[in-house]
Each structure stands twice: as structure tokens, then as C-alpha cells.
Amino acid sequence: MKIDVINALCDLGVDVDGASLGPKKLKEKIINNEYINNIIDVFCDCSNKDHNPDNLEKNYDRLIEYTTTLYNTLINSKNNGNFSITIGGDHSIAVSSALASIKKEDNLGIIWIDAHADYNTFETTITGNLHGLPLATIDGLNNRLSLFHDGNYYDPKKTVIVGYRSEEVNKEEEINNLKDAGVTFFTTEELNTIGIENVISKAFKIASNNGNNKVHVSYDLDFIDPNVAPGVSIPEVNGPTKEQAISVCKNVLKYINNISSFDIVEFNPLNDIDDKTLNIALEIFNLVIESIKTIQN
Ligand SMILES: [Mn+2]
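Model, not experiment: these values are computed from the prediction.

**Q** Kindly report on the overall build of the chain, identifying the contributing residues and their values.
**A** For the chain, the count of helices and strands is nine helices and eight strands. Relative to the 2.2 N^0.38 estimate, which gives 19 Å for 297 residues, the radius of gyration of the chain is 17 Å and therefore close to what a compact globule would have. Looking at the 297 residues of the chain, the share that counts as buried comes to 52%. Intrachain contacts of the chain at a sequence separation of at least 6 include 79% that bridge at least 24 residues.

What follows is the structure, encoded as C-alpha cells:
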């Protein structure tokens, strides 16, 4: 199977600058091989972002213009029959990658590896940073963020978050959103108590409805402890070690024949130290490539 790498060079969804530079930095290290059909840059002008703290839908117009272009690029890639890996960019770009996948495949689940749930709505966000809303959007809750999509949405009952530990001030409201919708979430602590292999196995059972549909996987690098992966925009302490982060990836990739598409997001080179985060992102990327090579068509 041929692979398209879609570089989403956008950070309009977060106040902090820098995630738009992540894909470019990673691209310099990607070794082109026969399986990579194309590396497609989808550029964004992220200058002069709105930083007004009272604006609870910051850069909305510009973001929707960008995510529409990104969505169309992904649809084209899928029309050519290629496996798409989307590199972010802040996590709002996953609205395009996840919805393009379900537009083509109709029935999908989703696994969201992230320190944050990204399950705010326009009503519950307190920052107005729209990268805190994508998973709820993908589940059909924020339709103003998915105007480009005329297909169906993901089923919250087949939506699974792995690694949740955010201490945001409005955490309670976001957890209510998750519970109301019926989303399953595993905390970082549960990776230790239940075990990584068990958590990922349970996550796939739920997201794939016991293997009856494929799954979109979205890997946010802020899932990893900031001592190990400091190059993100919203670091969250008490995260998994590098070994655990790689183990989560390897366990997910055991199910490669049930994976429709993959994101690696939130790499922010401006916050990185000694290329630590770059090297982990690259390791995850290479693991995904190696797994896709084994897919039986
Ligand atoms: Mn995220």
C-alpha cells in the first residue's frame, strides 16, 4: 500500500506559536522510500493570530478556511487509494483528517492518544483555543467547525481516549461532555494499573466494535511526559516515559490491518530541547511506516 504524508503546517488552533513548524522539521528527517508516494505540504499563514483572551472562538474564520483545504487534500489522497499519515500542526487539524477518513469509509471508530480530551464545545471552552474542541467536533458536537463535511460523524460510543490527565480549570465540564456523549477514556494512571497492552486491547475492542470496523488513530505528542517530549504547545506533567510512549505506539500498530489512517500532531520545535521531541516523533513515524508495509491488500 502506498503512503501519502500530509503535512498540516498550521497552529491557528492554539495561542502558543510554533506547532505550524513541526511538519517542516520532521520532513527534513524523513527518509523517502518506495512506500512513500508523496509528501504533501498544506501551508497556512499563521501570522498575526488573534490572542484576545475574551475571544472564545479564536481565529475561527481562518481555521475553517484552512481545515477545508486540508480536508479536500486528504479526500484526494484517499481517492487515489493511498494510506494517509497526517503530521500536525496543532490538534485542530485532526478534524480534517478524521472526517476525511469517515467520509471515505462510512463506518469507523477513533482512538485519541492525548493528555487532553479535546472534548470541549463552544459552550464549555474557557480559552477559545480551538485545538481543545476537535474530538467533540469529530463526534458531531461542534458543527460550525466542520462545515466542509457532509458525511456522517464518529460514534461517541466508539470513541476512546488514551492517556487523559489534564488538570484544566474546566475539567469537570469537559468530563461531563465525555460522559453525556458516552466516550470511553483511559487515564495515564490506568496505563500503569491496567497495563499498556490491556488498555490498547480494550481500546481497539471498543473503537472497532470487536473488529467490525476500522479505526482512525490520532497521536498527540503531549501525551508523553514533558521531561521526555518538551516540544509541545501545552505540556502536561506526570506523563508516560519514552519507553511507555513507544510501547503504546507498538501495541496500537499490532492492529494495523484495522487502522484506516494515522495522525501525529502537536510537535512544536520552538519548545523542543536537544531534538528530544523530534526524535520521538520520528521514531513513531518510522514505526507507522514499517507497519503499513505489512498491510495485506
Ligand atoms: Mn490534543
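**Q** Give me the lowdown on the environment of Phe186, citing residues and values where you can.
**A** Within the secondary structure, Phe186 is located in strand S6 (residues 184-187). It is 5.9 Å that separates the C-alpha atoms of Phe186 and Gly163, two residues lying 23 residues apart in sequence. Among all residues touching Phe186, those that are not within four sequence positions of it are Ile161, Val162, Leu191, Val199 and Ala203.

**Q** Lay out helix H3 (residues 94-105) in plain terms, naming residues and giving numbers.
**A** Between its first and last C-alpha, H3 extends 16 Å over twelve residues, near the 16 Å set by a 1.5 Å rise per residue. Among the twelve residues that make up H3, nine are buried, leaving the element largely enclosed by the rest of the structure. Those residues of H3 not exposed but buried are Ala94, Val95, Ser96, Ser97, Ala98, Leu99, Ala100, Ser101 and Ile102. Directly beyond the C-terminal end of H3, a positive phi value near 75° is found at Asp106.

**Q** I'd like a rundown of the sheet that holds strand S7 (residues 214-220), residues and numbers included.
**A** Taken in spatial order, the eight strands of this open sheet run S2-S1-S3-S8-S7-S4-S5-S6, and their pairing is parallel. Whereas interior strands pair on both sides, the edge strands pair on one side only; in this sheet they are strand S2 (36-43) and S6. For this sheet the average axis-to-axis angle between neighbouring strands, irrespective of direction, equals 15°. In this sheet, S2 lies alongside strand S1 (residues 3-9) in parallel orientation, the contact comprising seven bridges. Bridge pairing links Ile6 to Ile40 in S2.

**Q** So what's going on with the nonpolar core? Which residues, and what values?
**A** Within the largest apolar cluster, 83 residues are counted, with the highest numbers of intra-cluster contacts made by Ile110, Ile111, Val162, Ala203 and Ala281. Other than its neighbours up to four places away in sequence, Val162 contacts Ile111, Ile113, Phe186, Val199, Ala203 and Val248.

**Q** Can you tell me about unusual backbone geometry, naming the residues and giving the values?
**A** Trans peptide bonds make up the majority, and among non-glycine residues the majority have a negative phi. In the segment running from Gly88 into Gly89, the intervening peptide bond is cis, with an omega of 20°. Following the sequence through the fold, Gly89 ends up in the loop between strand S3 (83-88) and H3. In this structure, Asp106 takes a positive phi of about 75° despite not being glycine. Residue position: Asp106 is located in the loop between H3 and strand S4 (108-113). For Asp275, which is not glycine, the phi dihedral falls at a positive 60°. With respect to the helices, strands and loops of the structure, Asp275 is situated in the loop between strand S8 (259-265) and helix H9 (276-292). Residue Asp275 is classed as partly exposed on the basis of its C-beta count, with 14 C-beta atoms lying within 10 Å.

Each value, and the rule that gives it
- Residues numbered from 1 in each chain as written.
- Predicted model: local features only at pLDDT ≥ 70, side-chain atom pairs only at ≥ 80, totals over all residues.
- Helix = DSSP H or I, 4+ residues; strand = E, 2+ residues; numbered from the N terminus.
- Rg over C-alpha atoms; globule rule 2.2 N^0.38 Å.
- Buried ≥ 20, exposed ≤ 12 C-beta atoms within 10 Å, placed from the backbone.
- Contact = placed C-beta atoms within 7 Å.
- Expected span 1.5 Å × (residues − 1).
- Pairing = 2+ DSSP bridges.
- Axes fitted to C-alpha atoms, helices over the stretch in contact; angles between N-to-C directions.
- Core = buried A, V, L, I, M, F, W, Y, C linked by C-beta atoms within 7 Å.

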